[in-house]
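# Structure at a glance
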Amino acid sequence: METTLTDTQSWIQERIKQDEIVKYLRGGKDFIDEAVLQNTLRKTKNPDKIKVDAILEKALSLSTLEAEDTATLLNVTDGELWNKIFTVAAQIKRKVYDRRIVTFAPLYTGNMCVNDCLYCGFRCGNTVTERRVLTIDEIKKETEILVGTIGHKRLIVVYGEHPQTDIEYMINSIRAIYSVTVQKGGHDLYIRRVNVNASPLPIEHLKEIKSLGIGVYQVFQETYHKKTYTHIHPKETIKGSYLWRLYCMHRAIESGLEDVGIGALFGLYDWKFEVMGLLYHARELERVFGFGPHTISIPRLEPAVNTPFLQDRKYHVHDEDFKKLVAVLRISIPYAGLILTARESALLRREVVGIGCTQMDASTRIGIGAYSETACEQISERQQFMLGDTRSLDEIVGELADRGSITSFCTAGYRCGRTGKHIMDSLKTGTEAMYCKMNAILTFREWLNDFASPATKQKGELLLHKEIHDLKLKYPNEYDECMGYYQQIMQGKRDIYF
Ligand code: SAM
Ligand code: SF4
């Protein structure tokens, strides 16, 4: 679809539906009260050891922490106490998620965008970016590589905000991804779960997306600090509306999309404030809907082509602080998956996974059309920012296996209707942990058979052996049924799950 400047202007003006913001406000106010938030951070400075120990003790019972508890942890300065916080975060991760890491790949559909976010390579004011939107055939081609060559089962499909990639394009592209089947070794392989990262949508469009059977709908607030938000997202753009973005998860859940993903772009403002913002967002969703976010993303600002804003490093989050924010989020919101992207270096990802992250992308390419068209790992003019970890899925699976973590390709949750409150409750009772363990074993078995290099396969077999042994000890009643499925996979069956 060709769009004229006037078409685009009226499209922008009609985008935000004020009534889909106002109805969620309480007494005319939103849930980020900066004064309260800053004050909580201020009054919990210099916490003593006894207080921190009590919070950590309480955290091990796996309930979402109070704002004051989270602020107290963020204000710890003592190195020994931080080590304790890291240990508790790792324990909580093991309790809820065991040693599983879920993996996925991003699929960028285009880089046309009407917004002008100062930090982003795709902003409309960036004249250096080579603009392009993938055709539906090109989307299918990208999917074929991801499914048939790399072996992914789960994608996050990423959209700019532009009339050319509006709802009609989103629907067609998601349908196209789900329509791709690749034959390999006598099996039909396909993407089993499409998650979506897009701009905040109105309820009408969210309902349409929901009807396609997507997994998580993800939108990052970028910064919860209003003054900073206004400074970096020009007022006349759609993204300039803080509240349209802040309430998009309310709209999504109301539209039936129960698995929502929130996030903050770390490096725009004080990282402690952003952690508090994420906590308030999670607690608000719990208050209104009875369950919190399915995932939390913690992207850090990365360099982008022709983007001078990124030279301002006032709020740069150093690696040591990044690890701290992961630990505090893990402890504070134990039932949300924590996503660590390939923006980070391999070295840092290795460390942070142990502390509390539960999902990672792998074999990542974010150039438009990059999976099928180019041998280059990165081309700055085509991507939103530069990546820190471009290792292959095979390398990452092998490394995780070496370190005792199993890569899970499970996509069963939403396909079995385990979403929203249902999945939160089932995580709390431990039922989900059982399903997750069995599905991790089954999907890892499939992937080892279909895609692993000999070296990764060897490491994977050793790990699977241990996981199966552990399954027998933990879930003796389910063991036989799971092993029945396992044998079917060995005989060539695919996509069987609990
Ligand atoms: N256009 C949509 C939006 O802004 O919500 C969704 C897609 S955008 C491609 C995905 C995310 O990338 C943004 O929400 C932002 O957090 C992140 N991002 C943008 N510029 C970045 C940069 N320079 N470094 C790291 N992450 C960045
Ligand atoms: Fe557009 Fe998203 Fe980039 Fe902002 S962050 S310019 S909305 S693609």
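Here is a short report on the structure shown in this document. Keep in mind it's a predicted model, so treat the numbers as computed, not measured.

## Considerations on the site of ligand 2
- In the vicinity of ligand 2, the residues found are Cys 113, Asn 115, Cys 117, Cys 120, Arg 123, Lys 239 and Gln 384.
- When grouped by side-chain class, the residues that make up the shell around ligand 2 number three nonpolar, two polar and two charged.

## Re the site of ligand 1
- The local shell around ligand 1 holds 20 residues, among which Asn 197, Glu 222, Lys 239, Arg 245 and Gln 384 are the closest.
- Contact distances for ligand 1 include 2.8 Å between an oxygen atom and a side-chain N or O atom of Lys 239.
- Contact distances for ligand 1 include 3.0 Å between a nitrogen atom and a side-chain N or O atom of Arg 343.
- Across the complex, the protein chains shield 96% of the 560 Å² of accessible surface that ligand 1 would expose by itself.
- Broken down by class, the residue content of the shell around ligand 1 amounts to ten nonpolar, four polar and six charged.

## Thoughts on the pairing of strand 7 (residues 260-263)
- Every second residue of strand 7 is oriented toward a common face, with Val 260 and Ile 262 on one face and Gly 261 and Gly 263 on the other, all of them buried.
- Judged from the two bridges that link them, strand 6 (residues 217-218) and strand 7 form a sheet pairing that is parallel. Looking at the pairing, Tyr 217 lines up with Val 260 of strand 7.
- Sheet topology places strand 7 next to strand 8 (residues 295-297); three bridges connect them, and they run parallel. Its bridge partner being in strand 8, Gly 263 is matched across the sheet by Ser 297.
- Between the parallel elements strand 7 and strand 8, the chain passes through helix 13 (residues 271-289) in a crossover that is right-handed.

## Digging into the side chain of Arg 245
- Counting through the fold element by element, Arg 245 comes out in helix 11 (residues 242-246).
- Relative accessible area serves as the criterion here: at 8%, Arg 245 is assigned to the buried category.
- Within polar-contact distance, the side chain of Arg 245 engages the side chain of Glu 222 at 3.1 Å.

## A closer look at helix 19 (residues 420-429)
- Restricting attention to buried positions, one finds in helix 19 the residues Gly 420, Ile 423, Met 424, Ser 426 and Leu 427. Considered in projection along helix 19, the buried side chains sweep an arc of 165 degrees and stay on one side of the axis. Exposed and facing more than 90 degrees away from the buried side of helix 19 are Lys 428 and Thr 429.
- On the buried face of helix 19, the contacting elements are helix 6 (79-97) and helix 20 (431-450).
- Looking one or two places after helix 19, you find Gly 430, whose phi comes out positive at around 90 degrees.

## A look at the pattern of salt bridges
- As enumerated under the stated definition, the model contains 39 salt bridges in all.
- Residues Lys 58 and Asp 69 are paired through a salt bridge, measuring 2.5 Å at the closest nitrogen-oxygen approach. In this pair, Lys 58 is assigned in helix 4 (residues 49-59) and Asp 69 in helix 5 (residues 67-74), connecting sequence segments eleven residues apart.
- Looking at Lys 58, the relative accessible area reads 36%, which means it is partly exposed.

Conventions we followed
Residues numbered from 1 in each chain as written. Chains lettered and ligands numbered in written order. Predicted model: local features only at pLDDT ≥ 70, side-chain atom pairs only at ≥ 80, totals over all residues. Heavy atoms only, no water. Near = heavy atom within 4 Å. Nonpolar A, V, L, I, M, F, W, Y, C, P; charged D, E, K, R; others polar. Polar contact = N/O pair within 3.5 Å; in protein donor to acceptor, adjacent residues only side chain to side chain. Areas by Shrake-Rupley, 256 points an atom, 1.4 Å probe, with all protein chains shown as cover. Buried < 20%, exposed > 50% of the residue type's maximum accessible area, 1.4 Å probe, protein only. Helix = DSSP H or I, 4+ residues; strand = E, 2+ residues; numbered from the N terminus. Pairing = 2+ DSSP bridges. Right-handed = clockwise from strand over helix to strand, strands pointing away. Arc of directions from axis to C-beta. Contact = heavy atoms within 4.5 Å. Salt bridge = Lys/Arg side-chain N within 4 Å of Asp/Glu carboxyl O.

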